[in-house]
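Each chain, letter by letter, is given below.
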Number of protein chains: 2
Amino acid sequence: MINKLVGRIRQTGAPIVVGLDPMMKFIPEQIQERAFAEYGETLEGAAEAIWQYNKGIVDAIYDLVPAVKPQIAMYEQFGIPGMMAFKKTVDYCKEKGLVVIGDVKRGDIGSTSEAYAVGHLGKVQVGTKICRSFDEDFATVNPYLGSDGVKPFIKVCQEEKKGIFVLVKTSNPSSGELQDRIAEGRPLYEMVGEQVAAWGEECMGDTYSYIGAVVGATYPEQGRILRKIMPKAFILVPGYGAQGGKGADLVHFFNEDGLGAIINSSRGIIAAYQQDKYAAYGAEGYADAARAAVLDMREDIAQALENRG
Amino acid sequence: MINKLVGRIRQTGAPIVVGLDPMMKFIPEQIQERAFAEYGETLEGAAEAIWQYNKGIVDAIYDLVPAVKPQIAMYEQFGIPGMMAFKKTVDYCKEKGLVVIGDVKRGDIGSTSEAYAVGHLGKVQVGTKICRSFDEDFATVNPYLGSDGVKPFIKVCQEEKKGIFVLVKTSNPSSGELQDRIAEGRPLYEMVGEQVAAWGEECMGDTYSYIGAVVGATYPEQGRILRKIMPKAFILVPGYGAQGGKGADLVHFFNEDGLGAIINSSRGIIAAYQQDKYAAYGAEGYADAARAAVLDMREDIAQALENRG
């Protein structure tokens with residue numbers, strides 16, 4: 001799956017993942033109204049609105065980008081119907097040829113992480129049969145419980161040729177409270193980065209490992225250091241756009257080959273029509289606005305990579 | 001909700017939470033067969049087996065214990081049908097008067113944690129209506145992203161009078177890799193414990209805070225230290241039984257008032273019939289075996305508390 005991701009990045013020229021994080025305030029009125037007319041102002045109605053909204057965006061951008069990243073929390077908050085919208089979104093994006101990164105940030109003790117791993121990336125045994133549950137291509141994993149919470153994911157990745165992105169240095173303002181603590185002379189995120197590099201050596205695709213890392217665009221200096229610590233790891237970079245990361249901040253996350261990083265933008269793309277810059281599209285044109293925002297983001301990253309020293 | 005938890009612990013004399021972590025290998029053949037006969041060897045069949053198994057256990061133990069803790073991973077692995085079994089289990093346990101601790105270990109950047117918080121503990125807005133999704137009483141929370149990933153949960157807890165247990169020192173063998181790192185002269189788990197204590201001061205029930213902590217029974221020495229750092233926090237203690245924790249290890253987690261801790265046992269209770277000690281119950285008697293195991297565990301803890309120095 002890492003080979004597919006690399007191949008699609010090369011083909012599209014866009015090291016971009018579109019974050020499908022559908023907050024209700026992003027969803028155009030007309031979509032909400034149609035969904036509520038059919039299902040009422042219920043969890044089912046919310047889930048239908050999310051699904052229709054996502055479908056519009058995916059149809060508008062699937063040929064431009066290699067991957068999407070649905071944030072499961074935005075679906076889970078609407079209970080079972082929300083989870084059904086998540087599953088429908090995952091399946092639809094895969095049909096469209098997109099690589100699907102489930103942003104689930106799961107992680108637990110060994111036997112429990114195993115359940116998450118098979119549920120999101122692998123298969124479960126039911127009696128004599130094998131079933132697949134959420135079946136994303138990649139998942140994000142929280143390392144706070146240590147390696148026995150991560151290894152069950154790695155095992156499933158090896159079996160399935162899928163991948164994970166381990167949280168190393170997250171994009172949010174308070175990420176440093178734990179992640180930047182200096183222990184044995186270096187910050188915790190460097191130690192986690194070293195672990196990612198070590199795990200990754202057992203999990204190589206053609207040029208990159210399928211054990212990757214999450215490092216926020218909001219921390220370019222840490223990105224530069226982690227890029228060196230984990231030369232074969234793909235870095236999933238959230239925090240571009242709405243959270244403040246800019247194109248020029250991103251160059252440190254890439255290797256010399258112009259690969260090794262994939263930049264996420266969520267509201268900057270899916271709610272582009274709410275920005276002044278794309279306001280002319282209007283709510284009806286939200287999907288076209290998303291397409292325009294992807295093209296601008298691709299250009300911003302290409303420029304930044306071209307101008308790097 | 002912390003007052004309800006404390007009240008029920010006093011009433012039952014059992015500072016015990018039963019972990020509803022239904023692995024397929026725990027579920028008696030006859031239950032699996034009935035479920036598969038009706039739904040096939042499908043995710044729906046697995047979910048039905050889980051639900052029937054849980055119901056049997058809950059009916060056998062609800063009068064003896066204050067709380068249950070379904071581990072969502074064990075349901076999530078079976079996709080949407082599994083999540084429906086989770087929701088059904090949560091609702092049924094609440095009907096039976098049990099406090100429900102959703103062991104979800106969620107945690108993300110601020111706006112995303114907010115979605116998890118409302119989805120598991122609070123309410124979501126859909127159009128003009130208010131809906132509730134999973135609606136547990138407590139949830140477990142992963143602190144790796146720092147305080148802006150935890151605060152949205154605290155806000156919902158304050159609104160709903162519900163609670164969280166923050167992962168401080170987990171029970172698994174590799175928990176020390178990150179959690180024990182010495183930074184500024186003390187291990188990371190102490191720092192997180194101090195944060196829990198500080199957050200908890202704004203969230204007091206009658207005698208205990210509704211911001212609690214997870215500390216594994218497998219680390220009694222750390223439990224003793226954390227007990228002092230967080231005097232008003234309830235400690236949720238996993239790792240008793242199957243993971244190796246013993247009654248005598250538990251005393252350090254309790255305060256002088258005999259309160260302040262609630263001990264989890266999962267397979268030690270729900271799969272008791274598979275142990276030599278309770279083998280006489282047989283698979284048909286799995287629920288009675290669970291009841292017997294709860295009574296033995298209550299006695300083990302009471303003895304340990306009585307014998308403490």
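## Focus on the overall build of chain A
Secondary structure assignment for chain A yields 13 helices and twelve strands. Structurally, chain A occupies a C-alpha span of about 60 × 55 × 35 Å along its principal axes. When the 309 residues of chain A are sorted by exposure, 66% land in the buried category. Sequence-distant contacts in chain A: of pairs separated by 6 or more residues, those separated by 24 or more amount to 73%. About 10600 Å² of surface is accessible on chain A, with carbon and sulfur atoms providing 50% of the total. For chain A, the distance from the average position of its 33 positive side-chain charges to the average position of its 40 negative side-chain charges is 4 Å.

## Quick notes on the nonpolar core
Grouped together as the largest cluster of nonpolar side chains are 238 residues, with contacts concentrated most on Leu5, Val18 and Ile164 of chain A together with Leu5, Val18 and Ile164 of chain B. Ignoring any residue separated from it by four or fewer positions in sequence, one finds isoleucine 164 of chain A in contact with Leu121, Phe138, Ala139, Val141, Val150, Phe153, Ile154, Cys157, Tyr210, Ile211 and Gly212 of chain A.

## Quick word on helix H13 (residues 286-306) of chain B
Residue and element names in this part refer to chain B. Compared with the 30 Å implied by 1.5 Å per residue over 21 residues, the 30 Å span of H13 between its first and last C-alpha is a close match. Turning to H13, its buried residues number three or more, namely Tyr286, Ala287, Ala289, Ala290, Ala292, Ala293, Val294, Met297, Ile301 and Ala304. Among the structural elements, strand E1 (16-20), helix H2 (29-39), helix H3 (43-61), helix H11 (247-250), strand E12 (261-265) and helix H12 (267-270) are those in contact with the buried residues of H13.

## Quick notes on the interface of chain B and chain A
Many analyses report the size of an interface as the accessible area lost when the parts associate. Contact with chain B, which involves 73 residues of that partner, is made by 73 residues of chain A. Here chain B and chain A share an interface that buries about 5700 Å² over both sides, 59% of which is from carbon and sulfur atoms. Interface area lost by chain B to chain A is led by Glu41, Tyr144 and Arg181 of chain B, which between them contribute 14%. Summed over the shared surface of chain B and chain A, the result is eight salt bridges.

## Regarding the packing of aromatic side chains
Under the defined criterion, the tally for this structure stands at 15 aromatic pairs over all chains. Seen from their ring centres, tyrosine 273 of chain A and tyrosine 286 of chain A are 6.5 Å apart, and the 70° between their planes marks the pair as edge-to-face. Taken as a pair, tyrosine 273 of chain A in the loop between helix H12 (267-270) and helix H13 (286-306) and tyrosine 286 of chain A in helix H13 lie far apart in primary sequence, 13 residues in all. Per residue, the accessibility class of tyrosine 273 of chain A equals that of tyrosine 286 of chain A, and both read buried. Residues tyrosine 208 of chain B and phenylalanine 234 of chain B carry aromatic rings whose centres are separated by 4.9 Å and whose planes lie at 75° to one another, so their mutual orientation is edge-to-face.

## Describing the pattern of salt bridges
This model, assessed by the stated rule, comprises 42 salt bridges over all chains. The shortest N-O distance in the salt bridge between arginine 106 of chain B and glutamate 76 of chain A comes to 2.9 Å. Of this pair, arginine 106 of chain B sits in strand E3 (residues 99-106) while glutamate 76 of chain A sits in helix H4 (residues 73-76), each in a different chain. With respect to burial, arginine 106 of chain B and glutamate 76 of chain A carry one shared label: buried. Among the salt bridges present, the one from arginine 224 of chain A reaches glutamate 221 of chain A, with a minimum N-O distance of 3.2 Å. Of the two residues, arginine 224 of chain A and glutamate 221 of chain A both sit in helix H10 (residues 220-229), three residues apart, roughly one turn of that helix.

## Section: the packing of helix H9 (residues 188-201) of chain A against H10 of chain A
All names here are of chain A. With their axes 9 Å apart at the nearest point, H9 and H10 run at an angle of 30° to one another. Viewed along their axes, H9 and H10 adopt a mutual orientation that is roughly parallel. Our pair here, H9 against H10, has a crossing hand that is right-handed. Here H9 contributes Tyr189, Glu190, Gly193, Glu194 and Ala197 to the contact with H10, which in turn contributes Gln222, Ile225, Leu226 and Ile229. Here the residues of the contact of H9 with H10 are counted per class, giving five nonpolar, two polar and two charged.

Parameters and conventions
Residues numbered from 1 in each chain as written. Chains lettered and ligands numbered in written order. Predicted model: local features only at pLDDT ≥ 70, side-chain atom pairs only at ≥ 80, totals over all residues. Heavy atoms only, no water. Helix = DSSP H or I, 4+ residues; strand = E, 2+ residues; numbered from the N terminus. Buried < 20%, exposed > 50% of the residue type's maximum accessible area, 1.4 Å probe, protein only. Contact = heavy atoms within 4.5 Å. Areas by Shrake-Rupley, 256 points an atom, 1.4 Å probe, with all protein chains shown as cover. Lys, Arg positive; Asp, Glu negative; His and termini not counted. Charge placed at Lys NZ, Arg CZ, Asp CG, Glu CD. Core = buried A, V, L, I, M, F, W, Y, C linked by side-chain atoms within 4.5 Å. Expected span 1.5 Å × (residues − 1). Buried area = accessible area lost by both parts, 1.4 Å probe. Salt bridge = Lys/Arg side-chain N within 4 Å of Asp/Glu carboxyl O. Phe/Tyr/Trp six-rings, centres within 6.5 Å; stacked < 30°, edge-to-face > 60°. Axes fitted to C-alpha atoms, helices over the stretch in contact; angles between N-to-C directions. Parallel < 35°, antiparallel > 145°, perpendicular 65-115°, else oblique. Left-handed = near helix turned anticlockwise from the far one by under 90°. Nonpolar A, V, L, I, M, F, W, Y, C, P; charged D, E, K, R; others polar.

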